[in-house]
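Observations on the model geometry
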Amino acid sequence: TGFLGATEAGETTLLGRGGSDLTAAVLGWALEAERVEIWSDVDGVMTADPRLVPTAETLPRLTYAEATKLAREGAKVLHPRTLEPLEGAGIPVYVGNTLRPDARGTWIGPAEEVEQTGTAA
């Protein structure tokens with residue numbers, strides 16, 4: 001499920017909100033991954049909460065700073081600290097929908113890649 005972990009004593013514990021995303025980010029950084037993928041119940045980072053705004057659209061790409069700002073201002077798709085370990089290493093993040101894996105999703109990455117190529121991948 002991604003939400004469970006274990007203590008040093010081997011006892012099952014909950015990672016808490018965003019815990020699985022942050023764990024994925026730390027592992028991605030430590031393993032020098034090509035990318036980190038975050039799978040959720042929405043098509044990516046949206047222009048608004050799709051439960052409240054039916055016309056909300058998926059943002060195709062964001063910089064680390066833009067995505068972090070949205071998360072700090074209340075966007076629920078990412079925990080605000082998820083991107084911290086990845087930004088310095090320049091590892092891009094893909095946010096996709098588990099229920100609609102063929103949906104476009106959102107790429108998050110370095111500003112220079114988003115500006116030059118139009119994508120963070």
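Here the structure is shown first, and the text comes after it.
Owing to the predicted nature of the structure, the values given are computational and were not obtained by experimental measurement. (Residues numbered from 1 in each chain as written. Predicted model: local features only at pLDDT ≥ 70, side-chain atom pairs only at ≥ 80, totals over all residues. Heavy atoms only, no water.)

1. What to know about the pairing of strand β3 (residues 36-40)
Spelled out, the test is: Remark: exposure states derive from per-residue accessible area (1.4 Å probe, protein chains only) relative to the maximum for the residue type, with buried under 20%, exposed over 50%, and partly exposed in between. Numbering of helices and strands runs from the N terminus, with a helix taken as a DSSP run of H or I at least four residues long and a strand as a DSSP run of E at least two residues long. Two strands qualify as a pair provided DSSP detects at least 2 bridges between them.
Taking every second residue as pointing to the same face, the buried face of β3 carries Val 36, Ile 38 and Ser 40, while none of Glu 37 and Trp 39 on the other face is buried. Note: β3 against strand β5 (residues 93-97), five bridges, orientation parallel. Residue pairing across strands places Ser 40 opposite Asn 97, the latter belonging to β5.

2. Description of helix α2 (residues 64-72)
Put simply, the test is: In this description, one arc is meant: the one made by directions from the helix axis to the C-beta atoms.
Every buried residue belonging to α2 is among Tyr 64, Ala 67, Thr 68 and Ala 71, and all of these are buried. The buried residues of α2 all sit within an arc of 100° when viewed along its axis, so they share a single face. More than 90 degrees from the buried face of α2, the exposed residues found are Ala 65 and Lys 69.

3. Details of the packing of aromatic side chains
To keep things clear, this is the line we draw: Working definition: a ring pair exists when centres of Phe, Tyr or Trp rings (six-membered ring for Trp) sit within 6.5 Å. Plane angles under 30 degrees give stacked, over 60 give edge-to-face, the rest tilted.
Scanning all chains against the criterion turns up two aromatic pairs. Aromatic pair Tyr 94 and Trp 107: ring centres 5.0 Å apart, planes at 50°, arrangement tilted. Taken together, the residues Tyr 94 in strand β5 and Trp 107 in strand β6 (residues 106-109) connect sequence positions 13 residues apart. The rings of Trp 39, Tyr 94 and Trp 107 are connected pair by pair, giving a single aromatic cluster.

4. A closer look at the side chain of Ser 40
To be explicit about the condition: As used in this structure description, the phrase polar contact means that two N or O atoms lie within 3.5 Å; if the pair is within protein, one of them must be able to donate a hydrogen and the other to accept it, and residues adjacent in sequence are counted only when both atoms belong to side chains.
Along the chain, Ser 40 turns up in strand β3. Reaching out from Ser 40, the side chain makes a polar contact with the side chain of Asp 41 at a distance of 3.3 Å.

5. So, the nonpolar core
Formally: Nine residue types can take part in a nonpolar core, namely buried Ala, Val, Leu, Ile, Met, Phe, Trp, Tyr and Cys, and a core is a set of them joined through side-chain atoms within 4.5 Å.
Membership of the largest hydrophobic core comes to 18 residues, with the highest contact counts inside it found for Leu 78, Leu 83, Val 93, Val 95 and Ile 108. Breaking this core down by element, the ones donating at least two residues are β3, α2 and β5.

6. Focus on unusual backbone geometry
Phi at Glu 32 takes a positive value of approximately 50°, unusual for a residue other than glycine. Here Glu 32 is to be found in the loop between α1 (19-30) and β3.

7. Focus on the sheet that holds β3
One key point about sheets: their strands pair by backbone hydrogen bonds, in either a parallel or an antiparallel sense. Formally: In this analysis, axes come from line fits to C-alpha atoms, helices being fitted only over the stretch in contact, and the angle between any two N-to-C directions falls in the range 0 to 180 degrees. Contacts: residue pairs with any heavy atoms within 4.5 Å of one another.
Across the sheet, which stays open at both edges, the four strands sit in the order β3-β5-β6-β4 with mixed pairing between neighbours. The open sheet has two edge strands with one neighbour each: β3 and β4 (61-63). The mean angle between the axes of side-by-side strands here comes to 20°, regardless of whether they run parallel or antiparallel. Where β4 lies against β6, three bridges are found, and the strand directions are parallel. What sits directly across from Arg 61, in β6, is Trp 107. Packed onto the sheet, α2 meets β4 and β6 and runs at close to 90° relative to β4.

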